[in-house]
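Secondary and tertiary structure notes
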Amino acid sequence: EVKDANNNGKVVGRSDVALRHLHEGTTAQLLLLEWLDDTEDPPVWAEPDEDGPAIRISCTPHGFGLPQQAFDAHIKSAENLPFLHGRVPNPYVSVQFGDASVHTSSQQYTHPVWNETFRIPIVNNEDAEIIFQVRSDQTVLGEAVVVLDELRAQPNKLTLTLEDVYTPKPGQGVRFRGPEEEPVLHVVLTPYHCD
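Below, the structure is looked at part by part. (Residues numbered from 1 in each chain as written. Predicted model: local features only at pLDDT ≥ 70, side-chain atom pairs only at ≥ 80, totals over all residues. Heavy atoms only, no water.)

A word on the packing of aromatic side chains
This is how it is decided: Each aromatic pair joins two rings of Phe, Tyr and Trp (for Trp, the six-membered one) with centres within 6.5 Å, and gets the label stacked for planes under 30 degrees apart, edge-to-face for over 60, and tilted for any other angle. A run of H or I in DSSP becomes a helix once it reaches four residues, and a run of E becomes a strand once it reaches two; helices and strands are each numbered from the N terminus. The buried label goes to any residue with under 20% of its type's maximum accessible area, the exposed label to any with over 50%, and the partly exposed label to all in between, with areas taken from a 1.4 Å probe on protein chains only.
Counting across every chain of the model gives 1 aromatic pair. A centroid spacing of 5.3 Å and a plane angle of 85° characterise the contact between F71 and F97, whose relative ring orientation is edge-to-face. Taken together, the residues span a long stretch of sequence, with F71 in strand β9 (residues 69-79) and F97 in strand β10 (residues 91-97) at a distance of 26 residues. With a relative accessible area of 1%, F97 lands in the buried category.

Notes on the pairing of strand β13 (residues 129-136)
Selection rule: Note on pairing: two strands pair once DSSP finds at least 2 bridges between them.
Summarising burial for β13: 6 of the 8 residues are buried, a large majority. Alignment of β10 against β13, held across 6 bridges, turns out to be antiparallel. Paired with P91 across the bridge in β13 is S136. Relative to strand β14 (residues 139-147), β13 is paired through 8 bridges, and the arrangement is antiparallel. Pairing of S136 across the sheet is with T139, part of β14.

Thoughts on the pattern of salt bridges
Filter applied, for reference: Each salt bridge in this description consists of a side-chain nitrogen of Lys or Arg and a carboxyl oxygen of Asp or Glu lying within 4 Å of one another.
Applying the stated criterion across every chain yields a total of 1 salt bridge. One salt bridge in this structure joins D72 and R119, with 2.7 Å as the shortest N-O distance. Of this pair, D72 sits in strand β9 while R119 sits in strand β12 (residues 113-122), and the two are 47 residues apart along the sequence. The class for R119 is partly exposed, based on a relative accessible area of 47%.

A word on the environment of Y92
Keep this limit in mind: It only takes one pair of heavy atoms within 4.5 Å for two residues to be counted as in contact. We call two N or O atoms a polar contact when they sit within 3.5 Å, provided that within protein one can donate a hydrogen and the other can accept it, with sequence-adjacent residues counted only if both atoms are side-chain atoms.
When you line up the elements, Y92 lands in strand β10. Once residues lying within four places of it in the same chain are set aside, the contact partners of Y92 are H103, T104, S105, S106, W114, Q133, V134, R135 and D137. Among the polar contacts listed, one links the side chain of Y92 to the backbone oxygen of D137, at a separation of 3.2 Å.

Regarding the sheet that holds β13
Test applied: In this description, a line fitted to the C-alpha atoms serves as the axis of each element, helices being fitted only across the stretch in contact, and the angle between N-to-C directions of two axes falls anywhere from 0 to 180 degrees.
The strand order across the open sheet formed by 4 strands is β11-β10-β13-β14, and the pairing between neighbours is antiparallel. In this open sheet, the two edge strands, each paired with only one partner strand, are β11 (100-103) and β14. Shown here is a sheet whose adjacent strand axes are inclined to one another by a mean of 20°, direction ignored.

Overview of the nonpolar core
Operational definition: Think of a nonpolar core as a cluster: buried Ala, Val, Leu, Ile, Met, Phe, Trp, Tyr and Cys residues, connected wherever their side-chain atoms sit within 4.5 Å.
Core analysis: the biggest nonpolar cluster contains 28 residues, and F71, I75, V93, I130, F132, L185 and L189 have the highest contact counts within it. Only β9, β10, β12, β13, β14 and β16 (184-193) provide two or more residues apiece to this core.

This is the structure we're talking about:
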């Protein structure tokens, strides 16, 4: 729908797009609009034609003719991170998805809070996993993997148990003592669809 901002948002044009009509490699699509002919009483919707109004959209399709998608990764916090070389770590989260990689700022704490959000594009249908690594400098403190197909089409609040957790050498800090103290990462993943 195209609305007239100077006329209380009145709808003056409209068009429907079927996903199957988007073609691989198209970076922009010109849509002919039905338009409201208010010279008639009552106003009528005029059929689209090549000389009539049109709108250009820029939703880039990829694989199977689907529109480009992305997801918003909100990195909230972590708990029970191990000490590193006998010291409190300086952790940040690296998010890897296909060829894309982003990371949070560093927080010097074993229970860091980031509250940082990133929009990460889905550029390839083969990108099936999102890898979260909690790192301190060049050392991986732990990681978790989320399978993209398991996400719902709404915000996904996840508490991820970190695997392959860095184990301090004896006398260099205390590792978690039981399941209630396992290192975890709290994230919210929200699918995003361009429209």
